[in-house]
Amino acid sequence: MARRDFYDVLGVSRDAAPDDIQSSYRKLARTYHPDVNKDPGAEDRFKEVSEAYDVLSDPELRRRYDAFGHEFRQVPEGVDPQTWARAQRGGGRPGSQRTRAGSAQPDDEWSASGIDIDDLFGEMFGGRRQTRSWGPIPGADQEAVLTLTVEEAFRGGSRTITLSGPDGPRSYDVTIPPGVTDGQRIRLAGQGGQGTGQAPSGDLYLAVRLAPHPRYRVEGRDLYVELPLAPWEAALGTTVAVDTPGGEAKLRVPAGTSSRRRLRLRGRGMPTRKGQPGDLYAEARIMVPATPTAEERRLFEELARVSTFDPRRQG
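These numbers come from a predicted model, not from an experiment.

## Details of the pattern of salt bridges
Then step 1. What the rule picks out here adds up to 22 salt bridges.
Then step 2. Of the charged contacts in the structure, one is a salt bridge between Arg-217 and Glu-283, with a shortest N-O distance of 3.5 Å. Taken as a pair, Arg-217 in strand S6 (residues 217-219) and Glu-283 in strand S11 (residues 280-286) lie far apart in primary sequence, 66 residues in all.
Then step 3. A relative accessible area of 35% places Arg-217 in the partly exposed class.
Then step 4. Salt bridges here are not isolated pairs; linked through shared partners, they connect Arg-217, Glu-219, Arg-262 and Glu-283.

## What to know about the side chain of Asp-279
Then step 1. Along the chain, the position of Asp-279 falls in the loop between strand S10 (262-265) and S11.
Then step 2. Looking at Asp-279, the relative accessible area reads 11%, which means it is buried.
Then step 3. At 2.7 Å, the side chain of Asp-279 and the backbone nitrogen of Gly-267 are in polar contact.
Then step 4. What Asp-279 contacts, discounting residues up to four positions off in sequence, is Arg-221, Asp-222, Leu-223, Arg-264, Leu-265, Arg-266, Gly-267, Arg-268 and Gly-269.

## Notes on helix H4 (residues 59-68)
Then step 1. Among the residues of H4, Leu-61, Arg-62, Arg-64, Tyr-65 and Phe-68 are the ones counted as buried. One side of H4 holds all its buried residues, which, seen down the axis, span an arc of 165°.
Then step 2. The opening residue of H4 is Asp-58, an N-cap whose side-chain oxygen sits 3.0 Å from the backbone nitrogen of Glu-60.
Then step 3. Of the residues flanking the end of H4, it is Gly-69, one or two places downstream, whose phi is positive at about 75°.

## Quick word on the sheet that holds strand S5 (residues 204-210)
Then step 1. Pairing is mixed in the open sheet, where three strands are placed in the order S1-S5-S4. Only two strands of the sheet have a single neighbouring strand rather than two, namely strand S1 (142-148) and strand S4 (185-188). Put simply, the sheet's adjacent strands are angled 30° from each other on average, direction ignored.
Then step 2. In terms of strand pairing, S4 meets S5 through four bridges, oriented antiparallel. Across the sheet, the residue bridging to Arg-187 is Tyr-205, located in S5.

Parameters and conventions
- Residues numbered from 1 in each chain as written.
- Predicted model: local features only at pLDDT ≥ 70, side-chain atom pairs only at ≥ 80, totals over all residues.
- Heavy atoms only, no water.
- Salt bridge = Lys/Arg side-chain N within 4 Å of Asp/Glu carboxyl O.
- Helix = DSSP H or I, 4+ residues; strand = E, 2+ residues; numbered from the N terminus.
- Buried < 20%, exposed > 50% of the residue type's maximum accessible area, 1.4 Å probe, protein only.
- Polar contact = N/O pair within 3.5 Å; in protein donor to acceptor, adjacent residues only side chain to side chain.
- Contact = heavy atoms within 4.5 Å.
- Arc of directions from axis to C-beta.
- Pairing = 2+ DSSP bridges.
- Axes fitted to C-alpha atoms, helices over the stretch in contact; angles between N-to-C directions.

The following block contains the structure:
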């Protein structure tokens, strides 16, 4: 079965801006993440979406994908995209018919540039004619998705992962830097595809994906969390304990806090090895008793009788 075009997978145009690609990926990832969507096909769809984003979010990989399509990882550096495209149209892969000089459709355009198309693709695609050797070819870089919880990304640490490959499952020891963010890539040098001859192996890149979290929302290095408050806490002010990935923190709630107000805990977001860490924003949400006691109801009725506050007339 033919693989779907990465742009179609993400539902974006071929000239989509990086922000549009990221926005589409996040929406689809939330929809199809296996921890959220239990449909049998959701995991495969999530992997397809993640692979498409890994390529299209990287400028160099996107350039090569635009030039060579899904085979971009197998095309050696230096191959001209137009030559590749003409070969695709002209059936220049090994095993296809190729007309010679004097035939109905001579291949003068190839001889004019000094390119033997059978030689060009024979070695690459395992064809029978391999009259020219490319010499040692470095191994291709490979990519995989590494899904982390917010807590794992915050703390960092070590993990052993197992990935399937053409030679069967293989395990890797991965060092996760503290504060790794969604979309960041972890490089495992020399763990990609094997090179030919004496050429070095490629690298393995692990694209970090943060799993949806029931409490935290991550935007860059900033964290967002809901802060439920009782009406009197919001009106009079208070100090509350807030759970963060780095431990409990005390947050002062100013008097007169309304719903959706953001209260910042500076430096309590995702850490970083260089520069300032992110912040944590607690978003106030005013809660009322679902079934107030008789005394609570009496006090609310008394407040309603004496108060002149009208929330619908506030600027």
